[in-house]
Amino acid sequence: MKFSFSEEQTEFRNMLRRFLRDRSPTTEVRRVIETEAGYDPEVWRVMAEDLGVAAIHIPEAYGGAGFGISELAIAAEEAGRALLPSPFFGSTVLAATAIAEAGTDAQKQALLPGIAAGGTIAALAAAEPRGGWNAGAFTATASPDNGSWRLSGRKSYVLDGMIADLVVAAARLPEGGLGLFSLPTDSAGLARRALRSMDPTRRLAEITFDGAPAVLLGGPAAGGPAWERVLDIAAICLAGEMVGGAERLREDALEYVSMRIQFGRSIASFQVTKHKAADMLLEVELAKAAAYYAAAAADDDEESDQPLAALASLAKAAAADTYMQTAVHAVQMHGGIGFTHDNDTQLWFKRAKASEVFLGSAADHRERMLQQWNA
């Protein structure tokens, strides 16, 4: 397993960072989150068509670029650093991964090329209002109907559910197993409702299924293993996104204290500020190491001596704690102005708080990690 990025991966990161710095500064982020869509369709089009971001880990046979989870996590890290509002995480990381892991060859041929091109926006509907992201908590049901299926139940916290053209939903099969199903969002029996969220850069929805016709991805035995793999990859990419945001907060806070003068000198020279900056650097670097290691393990699972689920959950738990603590430090180092509306720090603070529980809390993932190691 490699412990450093290749020259191509480094150039890919630099290219994304330059693009997002130019096309999605915080002034643009503030503008697009006030729009109905919540993202800039033109920026997303360029990212998908010119940069290939929507197709990173989708196999070439299905219109993708055929890269690995490491490259996907790099894109997530740079998107998190820029606080990019886009369908990237919901459509590419979550939904496309679910289709790739569970679908038959014919289903992947039908569904993945549109997502890879950026023309189709997909969403993953898994968690429910009173449940978590563990498959055992899913209660939505799928009933057979003349060779097809109909879904019933309610899903919450569906990322980009209001703008999606396609939904991949997790539902309980009659024999008790888990199935992953695909259906267009204009299907009869499917209703969507926007949810209020602390983080305005990440839109969530509630989706209700009332006998909605759906297609089972793969077979009855495919859903359970596919969901575990999807959760692993999603947790790794979310960890990457969070460490990107934490690194940006740390850099911005250090820049601010370096220029802030008090008692005739920069407050960056004060011992208490130095200690806080050192703590932030240590925590962010440790979280980055966990996220990078988990992404490398996902690409080369056979060479890792640890279960991928344990590494993914460790990365997510570490990044969640680090992002939130770094956001708190950053606000404090700004002297309170960091949480005012005019200061951009509050945007990352809100993303940190929302990401802390998305896909499961740090406590949930530490429990999952221990279960894997004790299995």
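Just so it is clear, the model here is predicted, and its values are computed rather than measured.

Rules of the game
Residues numbered from 1 in each chain as written. Predicted model: local features only at pLDDT ≥ 70, side-chain atom pairs only at ≥ 80, totals over all residues. Heavy atoms only, no water. Helix = DSSP H or I, 4+ residues; strand = E, 2+ residues; numbered from the N terminus. Expected span 1.5 Å × (residues − 1). Buried < 20%, exposed > 50% of the residue type's maximum accessible area, 1.4 Å probe, protein only. Contact = heavy atoms within 4.5 Å. Phe/Tyr/Trp six-rings, centres within 6.5 Å; stacked < 30°, edge-to-face > 60°. Salt bridge = Lys/Arg side-chain N within 4 Å of Asp/Glu carboxyl O. Bend = angle between axes of the 7 residues up to and from the residue. Domains from an automatic or database assignment. Buried area = accessible area lost by both parts, 1.4 Å probe. Core = buried A, V, L, I, M, F, W, Y, C linked by side-chain atoms within 4.5 Å. Pairing = 2+ DSSP bridges.

Let us look at helix α9 (residues 308-333). An ideal rise of 1.5 Å per residue puts 38 Å on 26 residues; α9 measures up with 37 Å between its terminal C-alpha atoms. Most of α9 is tucked away, with 20 of its 26 residues classed as buried. Positioned one or two residues after α9, G335 has a phi angle of 70 degrees, which is positive.

Along the polypeptide, S313 turns up in helix α9. Here S313 falls in the buried class, since its relative accessible area comes to 0%. What S313 contacts, discounting residues up to four positions off in sequence, is H365, R368 and M369.

Below, the discussion takes up the side chain of E71. On the secondary structure map, E71 appears in helix α4 (residues 69-82). Filtering out sequence-adjacent residues up to four positions away, E71 remains in contact with Q9, F12, I56 and D299.

What follows covers the packing of aromatic side chains. Following the criterion strictly, the structure yields five aromatic pairs and no others. For the pair W149 and F181, a centre-to-centre distance of 5.7 Å together with 65 degrees between the ring planes defines the contact as edge-to-face. You can see W149 sitting in strand β3 (residues 148-159) and its partner F181 sitting in strand β5 (residues 178-184), a full 32 residues away along the chain. Residue class for W149 comes out buried when judged on its relative accessible area of 17%.

Another aspect to go through is the pattern of salt bridges. With the rule as written, the count across this model stands at 25 salt bridges. Where R45 meets E49, a salt bridge forms, and the shortest distance between an N and an O atom there is 2.8 Å. Of this pair, R45 and E49 both sit in helix α3 (residues 41-49), four residues apart, which is roughly one turn of that helix. By relative accessible area, which is 32% here, R45 ends up partly exposed. Among the ionic pairs, R248 bridges to D252, the shortest N-O distance being 3.0 Å. Placement of the pair is R248 and D252 together in helix α7 (residues 223-259), with a separation of four residues, close to one helical turn. Given a relative accessible area of 26%, D252 falls into the partly exposed group. In the salt-bridge network here, residues are joined through shared partners; they are R13, R17, E77 and E78.

For helix α6 (residues 105-117), which comprises 13 residues, the first-to-last C-alpha distance of 18 Å matches the rise-based estimate of 18 Å (1.5 Å per residue) to within 8%. Of all bends in α6, the biggest is about 35 degrees, found at L111, and the proline P113 comes one to four residues later. Residues of α6 that are buried include every one of Q107, K108, L111, L112, I115 and A116, and no others. On its buried side, α6 packs onto α5 (88-102), β1 (122-125), β4 (166-172), β5 and β7 (204-216). Looking one or two residues past α6, G118 carries a phi angle of roughly 85 degrees, positive in sign.

Here we come to the domain arrangement of the protein. Taken domain by domain, the protein comprises domain 1 (7-117), domain 2 (122-217) and domain 3 (224-372). Using C-alpha coordinates to define each centre, domain 1 is positioned 21 Å away from domain 3. Opposite the 23 residues of domain 1 that make contact, domain 3 presents 33 residues. Taking both sides of the interface into account, the surface hidden between domain 1 and domain 3 amounts to around 2300 Å²; carbon and sulfur atoms contribute 64%. Contact with domain 3 buries surface across domain 1, with R30, R81 and L83 losing the most and accounting together for 30% of the total. R30 is paired through a salt bridge with D344; the nearest N and O atoms lie 3.0 Å apart.

Judged by nonpolar contacts, the single largest core of 120 residues is most densely connected at F88, F89, L151, F181, F209 and W227. The element that contributes the greatest number of residues to this core is α7, accounting for 18 residues. Filtering out sequence-adjacent residues up to four positions away, F88 remains in contact with W44, V53, I56, L72, A75, A76 and V93.

Once that is clear, we can look at the pairing of β5. Counting buried positions along β5 yields six of seven residues, so the element is predominantly enclosed. Inspection of the sheet shows β4 paired to β5 by seven bridges, in the antiparallel sense. In the strand pairing of β5, L166 is matched with P184. Taken together, β4 and the strand that follows it, β5, pair antiparallel across an intervening segment of five residues, in which G176 is found at a positive phi of about 105 degrees. Bridge count between β5 and β7: two bridges; the pairing is antiparallel. Note on β7: the bridge partner recorded for F181 is L216.

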